[in-house]
Amino acid sequence: MASPLANRTILITRAAHQAPEFADALRRLGGTPVLFPTIEIVPPDSWDECDRAIHSLSRYDGVIFTSTNGVGFFMRRLHERKIDAEVMKSKMIVVVGPKTKQSVERNGLPVLLMPDRFTASDLLKALEHLDLKGKSFLFPRGNLGKDLLQDNLITGSVPPSFRRGVVGRAGTPFPELQRLFHGRAPCRSRHSPPQQLR
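Residues numbered from 1 in each chain as written. Predicted model: local features only at pLDDT ≥ 70, side-chain atom pairs only at ≥ 80, totals over all residues. Heavy atoms only, no water.

A.B. asks: What is the right way to read the overall build of the protein from this model?
C.D. replies: Regarding its fold elements, the protein presents seven helices and nine strands. Of the contacts made within the protein by residues no fewer than 6 positions apart, 65% connect residues no fewer than 24 positions apart. Per element, the accessible surface of the protein, about 11300 Å² overall, is 50% carbon and sulfur. (Helix = DSSP H or I, 4+ residues; strand = E, 2+ residues; numbered from the N terminus. Contact = heavy atoms within 4.5 Å. Areas by Shrake-Rupley, 256 points an atom, 1.4 Å probe, with all protein chains shown as cover.)

In structure tokens, the structure reads:
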């Protein structure tokens, strides 16, 4: 039986540290992945406002995470500021999907809510089933995140706790690009858009 992706070359544009797992899955299906990251995940230019929010965690009833990057950078910053993650256990923690949920749970924190479908709009629908009257949420996110949740919830959103930047392509191997332009890479993968972050 032929592999479903046999003779297919797939361009993966996710950030470099997030691409290997997907690349391995494509290889198992017979595809040939080409890693071509178009973004990188880096800390914000300044932590000042985010730090003020972190030191005011007692003001918030919950925290919304819409990506594993958001979880990672936020929890790392808590540690850098010498704030015990235990302070998060009293918060209602809401996530957009299973990968984000796993990232939260690896930090020893419980997740209250995750939607059945892993998009910001579905998360918003799931939140409608909770009694949020008078509740305030902290929303750590990247600088390219959509404002869907922010616009529909009263949140204490902090400035970006990480940034997504376009990666310079000066060092890109030309053979990889030539495969694309000569029709040898009929498929391409894209990184998750902000409203569909897992």
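And the narrative resumes.
A.B. asks: Sorry, what's going on with the side chain of arginine 77 here?
C.D. replies: Mapped onto the secondary structure, arginine 77 falls in helix 3 (residues 68-80). We classify arginine 77 as buried; its relative accessible area is 12%. Look past the residues within four positions of arginine 77 in its chain and what remains in contact with it is Trp47, Asp51 and Ile54. (Buried < 20%, exposed > 50% of the residue type's maximum accessible area, 1.4 Å probe, protein only.)

A.B. asks: What is the right way to look at the pattern of salt bridges in this model?
C.D. replies: It is possible for side chains of opposite charge to pair when their charged atoms get near one another. Under the defined criterion, the tally for this structure stands at seven salt bridges. The salt bridge partner of glutamate 21 is lysine 99, with a shortest N-O separation of 3.0 Å. A residue pair is termed long-range when its members are at least 10 positions apart, and glutamate 21 in helix 1 (residues 20-28) and lysine 99 in helix 4 (residues 98-106) qualify at 78 residues. With a relative accessible area of 32%, lysine 99 lands in the partly exposed category. With its nearest N and O atoms 2.9 Å apart, the salt bridge here joins arginine 77 to glutamate 80. Of the two residues, arginine 77 and glutamate 80 both sit in helix 3, three residues apart, roughly one turn of that helix. Put simply, Asp51, Arg77, Glu80 and Arg81 are held in one network by salt bridges that share partners. (Salt bridge = Lys/Arg side-chain N within 4 Å of Asp/Glu carboxyl O.)

A.B. asks: How should I be thinking about the environment of leucine 109 in this particular structure?
C.D. replies: Assignment of secondary structure puts leucine 109 in the loop between helix 4 and helix 5 (120-127). Counting along the chain gives 19 residues from leucine 109 to serine 90, while the straight-line C-alpha distance between them is 9.3 Å. When near neighbours in sequence (up to four residues on either side) are disregarded, leucine 109 contacts Met75, Ala85, Met88, Lys89, Ile93 and Val104.

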